[in-house]
Amino acid sequence: MLITETREGNIVVLAVEGRLDSNTSDQFEKQLFSMVEQGEARFVLDFGGLDYISSAGLRVLLKAAKELKKKDGRLCLCSLRDYVREVFDMSGFAAFLPIHPSLETSIKSLS
Amino acid sequence: MKSLEVGAHLDSLKAVQEFVIPDVEAMNGSEELIQDIKLVLEEVFTNIVFYAYPGAAGTVRLTCFWGPEGTCCIGFEDNGIPFNPLEFHDVDLEQEFSEREIGGLGIHLVKRLAHEVRYRREGQSNILIVCFRID
């Protein structure tokens, strides 16, 4: 898994590539939560390069969404591949995590 | 039927997937089916890793065999505490997200993706078998 961090104003964009599974989700959680603790509150997770997600990855997203809600922050996802999208649909996560077709629309929604 | 014994820890996950996936690829399973199987293998295996042997080391014995009509079945056997994942409460997908718990999500995905899931307790062993139709 590779995470690339960029910024658009006060929005943090994390592009996640590879696999978000039980072996990599801890690293993802640490990176995401260290930024939440530093006061970052708006995140776009660009999953265009994400090949695979399991419940271990979903667990981190649920935890982050709950934490950001408390802090009046927001989190959205973009560019999901079909298979990853299906996992979100099956787990019901698509109902509470905003999913956008592109990075541009994600950023617009948080601006 | 072939079998493989691995330690019940996360480092074994790759070996678990490599034990099964090449056979499915050889049978021309679709890319989507291969993804489904990988996900089910991870969810079942990590469930055993986290819950079967609290505070102790243990092993998992995997078997892979072909059932009738080109069905690929994978068996997971552990000697841990009795646990039938099929009896775990269902995930409430309609629940407000702030109320949602992560527990049970992996099993929910297994039930959705595998074509058949069977559990039995045999002596000191939990045996879970998941099957997929290779169309």
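So, here is what we can say about the structure in this document. (Residues numbered from 1 in each chain as written. Chains lettered and ligands numbered in written order. Predicted model: local features only at pLDDT ≥ 70, side-chain atom pairs only at ≥ 80, totals over all residues. Heavy atoms only, no water.)

**Describing the pairing of strand 3 (residues 71-78) of chain B**
All names here are of chain B. In terms of burial, strand 3 is largely enclosed, as seven of its eight residues are buried. Turn length for the strand 2 (residues 59-67)-strand 3 hairpin, with the two strands adjacent in sequence and antiparallel, is three residues, and the turn residue Glu69 shows positive phi of about 55 degrees. Here strand 3 runs beside strand 5 (residues 125-133); their pairing, made up of eight bridges, is antiparallel. Paired with Cys72 across the two strands is Phe132, which belongs to strand 5. (Buried < 20%, exposed > 50% of the residue type's maximum accessible area, 1.4 Å probe, protein only. Helix = DSSP H or I, 4+ residues; strand = E, 2+ residues; numbered from the N terminus. Pairing = 2+ DSSP bridges.)

**Some details on the packing of aromatic side chains**
On inspection of all chains with the given rule, the structure shows four aromatic pairs over all chains. Relative to A:Phe88, the ring of A:Phe47 lies with its centre 6.5 Å away and its plane at 45 degrees, an arrangement referred to as tilted. Here A:Phe47 is found in the loop between strand 3 (42-46) and strand 4 (50-53), whereas its partner A:Phe88 is found in helix 3 (residues 82-91), with 41 residues between them in sequence. There is no split in this pair, since A:Phe47 and A:Phe88 are both buried. Relative to B:Tyr51, the ring of B:Phe50 has its centre 6.4 Å away and its plane inclined at 70 degrees; by these criteria the two rings are edge-to-face. Positioned above the aromatic ring of B:Phe19, the side-chain terminus of B:Lys2 is 4.5 Å from the ring centre. (Phe/Tyr/Trp six-rings, centres within 6.5 Å; stacked < 30°, edge-to-face > 60°. Lys NZ or Arg CZ within 6 Å of the ring centre and 35° of its normal.)

**Some details on the sheet that holds strand 3 of chain B**
Residue and element names in this part refer to chain B. Spatial ordering of the open sheet is given by 1-2-3-5-4, a layout of five strands whose pairing is antiparallel. Strands at the two margins of the open sheet, each flanked by one partner only, are strand 1 (2-7) and strand 4 (116-122). For this sheet, the mean inter-axis angle between neighbouring strands, taken without regard to orientation, is 20 degrees. Both strand 2 and strand 3 contribute to a ladder of eight bridges, which runs antiparallel. Looking at the pairing, Cys64 lines up with Ile74 of strand 3. Contacting strand 1, strand 2, strand 3 and strand 5, helix 2 (residues 31-51) runs over the sheet at an angle of about 170 degrees to strand 5. (Axes fitted to C-alpha atoms, helices over the stretch in contact; angles between N-to-C directions. Contact = heavy atoms within 4.5 Å.)

**A word on the state of the cysteines**
Here a disulfide denotes a covalent bond joining the sulfur atom of one cysteine to the sulfur atom of another. Scanning the entire structure with this criterion turns up one disulfide over all chains. For B:Cys73, the disulfide goes to B:Cys131, at an S-S distance of 2.3 Å. Sign of the S-S torsion, about 110 degrees for the bond between B:Cys73 and B:Cys131, identifies this disulfide as right-handed. Taken together, the residues span a long stretch of sequence, with B:Cys73 in strand 3 and B:Cys131 in strand 5 at a distance of 58 residues. For the pair formed by B:Cys73 and B:Cys131, the shared burial category is buried. Unpaired in terms of disulfides, A:Cys76 finds its nearest cysteine sulfur in A:Cys78, a separation of 7.0 Å. Judged by its relative accessible area of 1%, A:Cys76 is buried. This cysteine, B:Cys72, is not joined by any disulfide, and B:Cys64 carries the nearest cysteine sulfur, 4.2 Å off. (Disulfide = S-S within 2.5 Å.)

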